Amino acid sequence: MGFVELLLIGVGLSMDAFAVAICQGLCMPRINWRHAVVIALFFGGFQALMPFAGWLLGSQFAGYIQSFDHWVAFILLVLIGGNMVREALSPEEEETACAVAAKLDYRQLFLMAVATSIDALAVGVTFAFLEVEILPAITLIGCTTFCISLAGVAVGNFFGARYKKRAEVTGGIILILLGLKILLEHLGLLG
């Protein structure tokens with residue numbers, strides 16, 4: 001898997017964190033860059049940690065399913081991406097708690113970071129099946145999520161929640177298309 005694919009996966013996975021970061025920016029009467037950096041570190045850190053954990057798990061049984069690993073990768077990415085799109089288009093408005101006040105609520109921030117990075121765990125399993133070099137992959141995903149989350153706090157503080165749903169739909173579509181690309185490459189239908 002090349003740099004562009006990993007970058008797109010990083011962007012796709014970071015859309016949940018971006019949406020929650022927008023909400024955190026909404027909670028700030030005035031942007032506090034120190035708080036914004038801490039929020040971005042939480043989201044970027046967990047977005048890097050979860051694929052690593054998934055990769056460790058997937059590495060344990062990747063040899064047993066190598067003959068159909070591309071189908072597993074395709075199904076996981078389509079399920080993750082489809083779920084992101086479904087949640088974004090759902091008429092129910094999710095309440096996102098603010099972890100930002102005069103002081104940061106680290107417990108709340110931890111829970112939000114874990115919740116937004118669960119999808120990355122499954123992607124890490126996919127990385128094990130595809131024999132992706134994990135350290136460059138998680139570094140790129142973590143850095144991408146950090147930057148996008150930092151931008152999300154700023155966007156939320158400046159523009160409001162206008163772009164939350166679009167970001168989640170875009171992230172879901174990116175993951176679905178990457179899953180399709182992996183499947184088509186392994187079936188020999190795409191060079």
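Keep in mind that what you see is a predicted model, and the values were worked out from it rather than measured.

(A) A look at the overall build of the chain. Along its length, the chain carries 6 helices and 0 strands. Each helix (α) and strand (β) of the chain, taken in turn from the N terminus, gives the series α-α-α-α-α-α. Evaluated residue by residue, the chain yields a buried proportion of 49% over its 191 residues. By sequence separation, contacts in the chain at least 24 residues apart represent 91% of the contacts at least 6 residues apart. On the chain, roughly 9,600 Å² of surface is accessible, and the fraction owed to carbon and sulfur atoms is 68%.

(B) Seen up close, the nonpolar core. If you look at the biggest cluster of nonpolar residues, it comprises 30 residues, and the most contacted ones within it are Ile9, Leu13, Val123 and Phe127. Mapped onto this core, the elements with two or more residues apiece are α1 (3–26), α2 (33–61), α3 (69–89), α4 (106–130), α5 (134–159) and α6 (164–186). The element contributing the most residues to this core is α5, with 7 residues. Within the second largest apolar cluster, 15 residues are counted, among which are Val20, Phe43, Ala99 and Ala113.

(C) Main features of the layout of surface pockets. Here the second largest pocket defines a volume of roughly 170 Å³. Along the walls of the second largest pocket sit Met1, Gly2, Glu5, Leu130, Val132, Leu178, Lys181, Ile182, Glu185 and His186, which together make up its complete lining. Here the element with the most residues in the lining of the second largest pocket is α6; it accounts for 5 residues. Residues of the lining of the second largest pocket, tallied by class, amount to 5 nonpolar, 2 polar and 3 charged.

(D) Structural context of the packing of α1 against α5. Running from amino to carboxyl end, α1 crosses α5 at an angle of 30 degrees, the nearest separation of the two axes being 6 Å. In terms of their interaxial angle, α1 and α5 are classed as roughly parallel. For the element pair α1 and α5, the recorded crossing hand is right-handed. Across the contact of α1 with α5, the residue classes tally to 19 nonpolar, 9 polar and no charged.

(E) Quick peek at a nonpolar patch on the surface. The grouping of Phe68, Trp71, Ile75, Leu79, Leu187 and Leu189 at the surface amounts to a nonpolar patch, some 610 Å² of accessible area in total. Mapping phenylalanine 68 onto the fold places it in the loop between α2 and α3. Classification of phenylalanine 68 by relative accessible area gives partly exposed; the value is 37%.

About the thresholds
Residue positions within a chain follow its written sequence, with the count starting from 1. Totals for whole chains, interfaces and linings use all residues, but because this is a predicted model, local features are given only for residues with pLDDT of at least 70 and pairs of side-chain atoms are given and counted only at 80 or more. Derived side-chain values reflect all non-hydrogen atoms in the structure, with water molecules and hydrogen atoms excluded from consideration. Each helix is a run of DSSP H or I of at least 4 residues and each strand a run of E of at least 2, with the numbering of both proceeding from the N terminus. Categorising residues by exposure relies on relative accessible area from a 1.4 Å probe, with only protein chains included: less than 20% of the type maximum marks a residue as buried, more than 50% marks it as exposed, and the intermediate range marks it as partly exposed. Residues count as neighbours in contact if any of their non-hydrogen atoms are within 4.5 Å of one another. Where accessible areas are quoted, they stem from the Shrake-Rupley method and a 1.4 Å probe; at the residue level, only the protein chains shown are allowed to cover. To form a nonpolar core, buried Ala, Val, Leu, Ile, Met, Phe, Trp, Tyr and Cys residues must be joined to one another through side-chain atoms within 4.5 Å. Only protein atoms enter the 1 Å grid, on which a cavity is a set of points fitting a 1.4 Å probe that cannot get out and a pocket is an open set with protein on both sides within 12 Å along at least 5 of 7 lines, lining residues being those with an atom within 4 Å of a point. Grid points are joined across faces, edges and corners, and a volume is the space filled by probe spheres set on the points. The nonpolar class holds Ala, Val, Leu, Ile, Met, Phe, Trp, Tyr, Cys and Pro. Asp, Glu, Lys and Arg form the charged class, and all remaining residues, Gly among them, are polar. Here the axes come from fitting lines to C-alpha atoms, over the contacting stretch only for helices, and the angles between their N-to-C directions go from 0 to 180 degrees. Reported orientations rely on four angle classes, namely roughly parallel under 35 degrees, roughly antiparallel over 145, roughly perpendicular from 65 to 115, and oblique for the rest. The handedness criterion is simple: a crossing whose near helix is rotated anticlockwise from the far helix by less than a right angle is left-handed, and one whose near helix is rotated clockwise is right-handed. A patch is a set of surface residues, each over 30% in relative accessible area and not in a salt bridge, joined within 9 Å for like charges and within 5 Å for the nonpolar side chains Val, Leu, Ile, Met, Phe, Trp and Tyr. The working definition used for a salt bridge is a side-chain nitrogen of Lys or Arg within 4 Å of a carboxyl oxygen of Asp or Glu.

The quantities given are spatial measurements derived from coordinates; they are silent on function.
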